[in-house]
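Take a look at the letters that make up each chain.
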Amino acid sequence: MKFITLLLLVFINLFAQNKDFDLYKKEGISAGHTLLVIGGIHGDEPGGYFAPTFLEKYYKIKKGNLWIVPNLNGHSIIANTRGIYSDMNRKFNTIDKKDPDYLVVERIKKIMIEKEVDLILNLHDGYGFYREQYENAIFNPNAWGQATIIDQEKINGLDKFGNLDEIASLVNKNLNKDNLFEDFHSFGVKNTQTKFKDEQMQLSLTYYAVTHNKPAFAIETSKNITDLAHKVTYQLKSIEEFMKIMDIEFERDFDINNYKEVEKRLYDFGKVIINDNIAFDLSDIKRTTRFVPLKKENNKFKFEHVLGAIKSFDNRYELYIGNIKVSDFYPQIFEIEEYKEKIKVEIDGKIVETNFASQLDVKDSFKILKSDFRVNIIGFSKDGVDSEDDILIKKSDIVDSFSVDNGKNKYRAEFYKDGKFYGMIILNFLKDK
């Protein structure tokens, strides 16, 4: 425990201010209501922040509007802790300007009360399984998991979506009849009666919204459900039920009732592009990647995945997707030169042109065509050869332990000139079907 506390203190010292969050706005062709979905207020609740990444990537809005914040508490997500600067969800009544969460909290508060926003969902994972009656230590009224949380029964005087209990009850009714993974995963409505019974909840995001006449709900999937794809599915189904109530029309390009489809998309982490001349696919990357040609400082990491982030240290970079550390990058420092022209590669007997930071699929063999660059194919060597271009190479010619992926199919070709690094391509040997 002391070691973990020390790591958190080091992390806090590295970041005096929390990372800003992203806001994605999806607007339908037809006008309609606006739903604001907020994920990641607690960094150790991955169901609450991986679900919004599906909304950003795989959903199309046809009518109405969907606003998505997937990573509200960025540093806590990377650290996989509830709140690295204490609980962000207890800072919506008052917050000190010196608090590292100050700018994040103030910005999201302004977004929440914008006139366009009609309803707000705050996504969480909670312990246990909520039940109105006590059954045991896991299934009881004090549990938070598998519940739609409301602060009060309704917002008086608010005609549009102010009937909080009625809306939550309808959402849960439809959820509970629609393909639960287990019968005991059923959802309930938990009314915290915040104004009268819960002083801590009076400091929360949803109560701030409600007191500003904005209908707000928390969706809590259970931490006792260990399968992340299950939790993401329940979060998405809940959100869809709210969209239906709000008459927001949408399409998605996957079957939400197909577990394998959801799981596949969940762990599709996409690429990271570094300094515009290197790209790695993060979905199956090795846990350790060594001798990555980088600058001494000011390296630019661009992630395709909305939860992509890095932590930098003196001797390495840690790459994260949400709370999942996907790889440690150990750099080899070079002066970097920009090169925008295409390079030529022979792939299975056919000449192709490509830019750096690309991946080429290879069935049998490849050859980097001769140029001004010195070429280094990582894992390949030939006596007396300084530049490994103009050589026909098969997969069997490369030591497979030098692959960048766990499947041992992807290999690096790096390009240098006058001691400077210019770029990299990945050669991906296709698996035999």
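Remember, it's a predicted structure, so these values are computed and weren't measured experimentally.

1. Considerations on the UniProt feature "domain: D,L-carboxypeptidase peptidase" (unreviewed entry) in the protein
And step 1. Those places that UniProt annotates as "domain: D,L-carboxypeptidase peptidase" (unreviewed entry) correspond, in this numbering, to residues 32–258.
And step 2. Structurally, residues 32–258 comprises 31% helix and 22% strand, and the distance from its first C-alpha atom to its last is 30 Å.

2. Here we look at the sheet that holds strand β19 (residues 350–354)
And step 1. Spatially, β19-β18-β21-β23 is the arrangement adopted by the 4 strands of the open sheet, whose pairing is antiparallel. Unpaired on one side and paired on the other, β19 and β23 (393–394) mark the two borders of the sheet.
And step 2. Judged from the 3 bridges that link them, strand β18 (residues 343–347) and strand β21 (residues 365–368) form a sheet pairing that is antiparallel. In the sheet register, V345 faces β21, and the bridge partner there is I368.

3. Focus on the domain arrangement of the protein
And step 1. By domain assignment, the protein separates into domain 1 (24–266) and domain 2 (269–432).
And step 2. Between the C-alpha centres of domain 1 and domain 2 the distance comes to 39 Å.
And step 3. Each partner contributes to the interface: domain 1 provides 13 residues, whereas domain 2 provides 12 residues.
And step 4. Interface area for domain 1 against domain 2, summed over the two sides, is near 980 Å², with a carbon-plus-sulfur share of 70%.
And step 5. It is F50, T53 and I78 that lose the most area in domain 1 upon contact with domain 2, and together they represent 50% of the buried surface on that side.
And step 6. Summed over the shared surface of domain 1 and domain 2, the result is 0 salt bridges.
And step 7. If you look at where domain 1 meets domain 2, you find 2 residue pairs in polar contact (both at pLDDT 80 or more).

Rules of the game
Residues numbered from 1 in each chain as written. Predicted model: local features only at pLDDT ≥ 70, side-chain atom pairs only at ≥ 80, totals over all residues. Heavy atoms only, no water. UniProt positions renumbered as here; feature names shortened; annotations may be inferred. Helix = DSSP H or I, 4+ residues; strand = E, 2+ residues; numbered from the N terminus. Pairing = 2+ DSSP bridges. Domains from an automatic or database assignment. Contact = heavy atoms within 4.5 Å. Buried area = accessible area lost by both parts, 1.4 Å probe. Salt bridge = Lys/Arg side-chain N within 4 Å of Asp/Glu carboxyl O. Polar contact = N/O pair within 3.5 Å; in protein donor to acceptor, adjacent residues only side chain to side chain.

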